[in-house]
Amino acid sequence: MSRFAFLSFILALTVGFVQIYWHAKDQYSPVDSYQVEIKKLKEQVEREQLAFVTQAEAQREFRQDVAALMPEVLRGVTEKAIDYPRRNLASVVTSGRSDKLQEMMASTLFESGKSLFRSGDYERANKLFAKVIDRYGYVKQSIEAHFLMIEGQYQLGDLEGVSRSVAKMVELFPESELTGFALLRLGQVFEHKERYAEAVDLYRTVLRSFPYRSVASQAERNLRDMEP
Amino acid sequence: MGHRLLLITTFLLASAIEVQVRASDQAALVQEPIHCIKTTGDCSIKAKVDKQKIDLSKGDLVLGRGTIVYRDQAEVAHLVSGFVTLSTDGELTLQSEFAKIGCASECVVLVEKRATYVRVTTVRGEARVYPKGESGALHLPQGYSMRVGQVLPNGKADTEIPQAAQYGPTFKKWWSSYAGEKEAFLKSALEFREACRMAVEAGSALHLDLAHRYIASVEDERRDAEEARRRQAAEQEKMRRLFRQMNHLEEP
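Note on numbering: residues in each chain are counted from 1, in written sequence order. Key to labels: chains lettered from A, ligands numbered from 1, both in the order written. A pLDDT threshold of at least 70 governs which residues receive local features in this predicted model, and a stricter bar of 80 or more applies before side-chain atom pairs are shown or counted, although totals over entire chains, interfaces and linings include all residues. Side-chain numbers here rest on the full set of heavy atoms in the structure, without hydrogens or water.

A. Region of the structure containing the overall build of chain A. Helix and strand assignments follow DSSP, with helices taken as H or I runs no shorter than four residues and strands as E runs no shorter than two, numbered in order from the N terminus. A count of helices and strands for chain A gives ten helices and zero strands. Shown N-terminal to C-terminal, the secondary structure of chain A runs as helices and strands in the order α-α-α-α-α-α-α-α-α-α. The rule is simple: take the accessible area with a 1.4 Å probe, protein chains only, and divide by the maximum for that residue type; under 20% is buried, over 50% is exposed, in between is partly exposed. Sorting the 228 residues of chain A into buried and exposed places 29% on the buried side. Residue burial considers only the protein chains on display, and all accessible areas are found by Shrake-Rupley using a 1.4 Å probe. Summed over its atoms, the accessible surface of chain A is roughly 15,900 Å², and 57% of this surface lies on carbon and sulfur atoms.

Given below as C-alpha cells:
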C-alpha cells in the first residue's frame, strides 16, 4: 500500500468517525439541544431589547418634535388666556331670556310639587321641591319650596330633616313670614321630642322677632296650649 | 488514486469548516422582527460587529459595532445610537432625534448619535442637515463637521457652527464603518484629508482675520485714550495759566 493511499484511508476514516460522532452527539446528547435552546432564548432577548430601545427612541424623537412646535403653540396662549375668562364669565352670566326660561322651569317644577303635596304624596313632592331649591335657588318660589318641603318632612315624620331645613331657612330668609311658620313647626317637633323648655323658648323668640300677626297669634296659641 | 482521495477528504473537511464560519456570520446583525431587512415595513437592526452594510432602495448605510437603526413604515431610516456611514446619491435621508441628514447630490456622510447630540461629518460631496425646528437646511461641505443637540425653548435644535473636521478620530471611525475595498478607502481618505486641511486653513484664515480686526480695534482704543488724555492735560494747563494771570501770580 502506498503512503498516499494510507494517508487517504486514515483521513477518510477520521472524517467518517467525526461524522458519526456529530451524528451520535445530535441524537443522544441533551447538551446540544439545551445550547440551541439557550441560543434561541438569547436571540429572543436581544430582539426584545432592540424593540424596546427602538420604541424609546421613537418616543424621544416625538418629544423633540413636540418641543419644536411648542413656541408656536405658546404664542397662541395669550389669546386663549383672554378667551378663557371670557367664556367662564359667559357661563356664569346668563342672558335675560335665559333667566325667564329658568324661572318658567322652576315654576313648572314647583307647581307639580305643590300638586303632589295637596294630594298627600309628600315624598315625591319633596323631591321636586329639593330640585327647585338646588337648581333654581334664586327664584321667587324658593321660599315656598323650602316651607312646603319642611311641612312634607313633618308629615313624613322626618323630624331631623325638619330641623335641618328650618335652620337653612332661617339662614337664607330670616325675615320671611314663612320662616316664622317654619319655626313654629320646629317648636312642635321639640314638643314631640318632649323638649318643652326649648319649644317654649322658640315660640317666645318667634313672638318677639316676627311682626306678622298670623305668625304671632299662632305662637301665642302654641304657648297657651303648653300651659298646664 | 491515493492523491485524489487525499484531495477529496481535505475538501470535505474544508467545507465543514466554511459552513461553521458562515453560520457565525449570520449572527452579525440582530433584527426585529426576525429577517426583516429583506421585507418592507418596520424593522429594527443592531450591528454586533463593524462594517455591517444595509442596502436600502435609495442608498446604503454601513453600521459600526453596536449601532442601532430602524426603518419605519414609510421606509425612512432612523439612527437610534452609534455610528453610521450614509452613502447616497441624494434621495436617502437619515432621521435622528435631533436632525434629519441627507445630501444634495452624491455624498458620503458620517453620522454619530449620542444621548444629547448628533454629529455629522461630510467625507465626500455636500451634506444637508435639517435641525429640528429649523425651516431650511444647513449645507455642510466636505471636510466639515457639526453638532446638533436638543431642541431649545425657542423651538429650534441647539446647532453648532460648522467647523473643520478632526481628521484622525474621523478616519478611525470611518474605517470601522467602511464596507468597500481598502484601496478605495485610502483614496477617499486622502481626499478627505485634503478637504480637512483646506477647512482648517479656511478656518485659520478666518480666525487670523478676526484676530487682526481685534488687534486693530485694541490699537484704535489705545490711540483714542492717549489722545483724550493729552487733550485733558492741555485743557488743565490752559486753566492754570488763566488762574495765575487773574491773580497776578508769577509763572513757577
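B. Spotlight on the environment of Leu-186 of chain A. Residue and element names in this part refer to chain A. Checked against the element boundaries, Leu-186 lands in helix α8 (residues 177-192). You can call Leu-186 buried: its relative accessible area is 9%. The spacing of Leu-186 and Glu-160 is 26 residues in sequence and 9.9 Å in space, taken between C-alpha atoms.

C. Representation of helix α10 (residues 213-226) of chain A within the structure. Residues and elements named next belong to chain A. In this model, α10 (14 residues) spans 20 Å end to end at C-alpha, consistent with the 20 Å of a helix rising 1.5 Å per residue. Taken together, the buried positions of α10 are Val-215, Ala-216, Ala-219, Asn-222, Leu-223 and Met-226. Within α10, the buried residues cover an arc of 125° as seen down the axis, which keeps them to one side. With respect to the buried face of α10, the exposed residues turned more than 90 degrees away are Arg-213, Arg-224 and Asp-225. Every residue pair with non-hydrogen atoms within 4.5 Å of one another is taken to be in contact. Elements that come into contact with the buried residues of α10 comprise α8 and α9 (196-209). In this analysis, the expected span of each helix is defined as 1.5 Å times one less than the number of residues it contains. Note: the arc covers the axis-to-C-beta directions of the helix.

D. The arrangement of the packing of α9 of chain A against α10 of chain A in detail. Residue and element names in this part refer to chain A. At a minimum axis distance of 9 Å, the contact between α9 and α10 shows a crossing angle of 155°. In terms of axis orientation, α9 runs roughly antiparallel to α10. Read as a crossing pair, α9 and α10 show a hand that is left-handed. Together, Tyr-196, Ala-199, Val-200, Tyr-203, Arg-204, Val-206 and Leu-207 of α9 and Val-215, Ala-216, Ala-219, Glu-220, Asn-222, Leu-223 and Met-226 of α10 make up the contact between the two elements. Amino acids outside the nonpolar list (Ala, Val, Leu, Ile, Met, Phe, Trp, Tyr, Cys, Pro) and the charged list (Asp, Glu, Lys, Arg) are all regarded as polar, and Gly is one of them. Of the residues belonging to the contact of α9 with α10, the class tally is eleven nonpolar, one polar and two charged. Helix axes are fitted to C-alpha atoms over the stretch in contact, other axes to C-alpha atoms as well, and angles between N-to-C directions run from 0 to 180 degrees. Throughout, the term roughly parallel applies to angles under 35 degrees, roughly antiparallel to angles over 145, roughly perpendicular to angles from 65 to 115, and oblique to all others. A crossing counts as left-handed when the near helix is turned anticlockwise from the far one by less than a right angle, and as right-handed when that turn is clockwise.

E. Quick look at α9 of chain A. Residues and elements named next belong to chain A. The end-to-end C-alpha distance of α9 is 20 Å, a good match for the 20 Å that 14 residues give at a rise of 1.5 Å each. By the burial criterion, the buried members of α9 are Ala-199, Val-200, Leu-202, Tyr-203 and Val-206. Buried residues of α9, seen end-on, are gathered within an arc of 165° and therefore sit on one face of the element. Exposed and oriented more than 90 degrees from the buried face of α9 are Ala-197 and Arg-208. In this fold, the buried residues of α9 make contact with α8 and α10.

F. Just a nonpolar patch on the surface, in detail. On the surface, Phe-6, Leu-7, Phe-9, Ile-10, Leu-13, Phe-17 and Ile-20 of chain A cluster together into a nonpolar patch covering about 680 Å² of accessible area. Note that Phe-17 of chain A resides in helix α1 (residues 3-28). Residues form patches when they are more than 30% accessible in relative terms and have no salt bridge. Like charges link within 9 Å. Nonpolar side chains (Val, Leu, Ile, Met, Phe, Trp, Tyr) link within 5 Å. The salt bridge definition used is simple: a Lys or Arg side-chain nitrogen within 4 Å of an Asp or Glu carboxyl oxygen.

G. Molecular detail of the confidence of the model for chain A. A residue-level look at chain A finds 89% of positions with pLDDT of 70 or above and a mean pLDDT of 82. Taking the mean pLDDT of every element in chain A, the minimum, 57, falls on helix α3 (residues 77-92) of chain A and the maximum, 90, on helix α5 (residues 122-135) of chain A. pLDDT runs from 0 to 100 and stands for how confident the predictor is about each residue.

H. How the structure looks around the interface of chain A and chain B. Of the residues lining the interface, 21 residues belong to chain A; the matching set on chain B comes to 31 residues. Where chain A abuts chain B, roughly 2,300 Å² becomes buried across the two surfaces, and 67% of that area is made up of carbon and sulfur atoms. Across the contact surface, chain A and chain B share five salt bridges. One salt bridge in this structure joins Glu-46 of chain A and Lys-48 of chain B, with 3.2 Å as the shortest N-O distance. Residues adjacent in sequence count toward polar contacts only when both atoms are side-chain atoms; beyond that, a polar contact is any pair of N or O atoms within 3.5 Å, and within protein one must be able to donate a hydrogen and the other to accept it. The tally of links between chain A and chain B comes to six residue pairs in polar contact (both at pLDDT 80 or more). Mapped by element, the contributors of at least two residues to the side of chain A that touches chain B are α1 and α2 (30-75) of chain A. Classifying every residue of the side of chain A that touches chain B by side-chain character gives twelve nonpolar, three polar and six charged. Simply put, the buried area is the total loss of 1.4 Å probe accessible area from both parts when two parts are fitted together.

I. The arrangement of the side chain of Glu-61 of chain A in detail. Here Glu-61 of chain A is to be found in helix α2. By the counting rule applied here, Lys and Arg register as positive and Asp and Glu as negative, while His and the ends of each chain are not counted. The side chain of Glu-61 of chain A sits in the buried core without any salt bridge; Lys-132 of chain B is the nearest counter-charge, 4.3 Å away. Once you skip the residues sitting within four places of it in the chain, Glu-61 of chain A turns out to touch Tyr-70, His-78, Gln-95, Ser-96, Glu-97 and Lys-132 of chain B.

J. Inspection of the environment of Val-120 of chain B at higher detail. Residues and elements named next belong to chain B. Assignment of secondary structure puts Val-120 in strand β10 (residues 117-124). A relative accessible area of 0% means that Val-120 is categorised as buried. Residues Val-120 and Ala-165, 45 residues apart in the sequence, show an inter-C-alpha distance of 9.5 Å.

K. Main features of the nonpolar core. Counting 38 residues, the largest nonpolar core has Phe-129, Val-162, Val-166, Leu-183, Leu-186 and Val-206 of chain A as its most contacted members. Apart from residues no more than four positions distant in its own chain, Val-162 of chain A is found in contact with Ile-150, Gln-153, Tyr-154, Leu-186 and Val-189 of chain A. Residue types Ala, Val, Leu, Ile, Met, Phe, Trp, Tyr and Cys, when buried and joined through side-chain atoms within 4.5 Å, form a set referred to as a nonpolar core.

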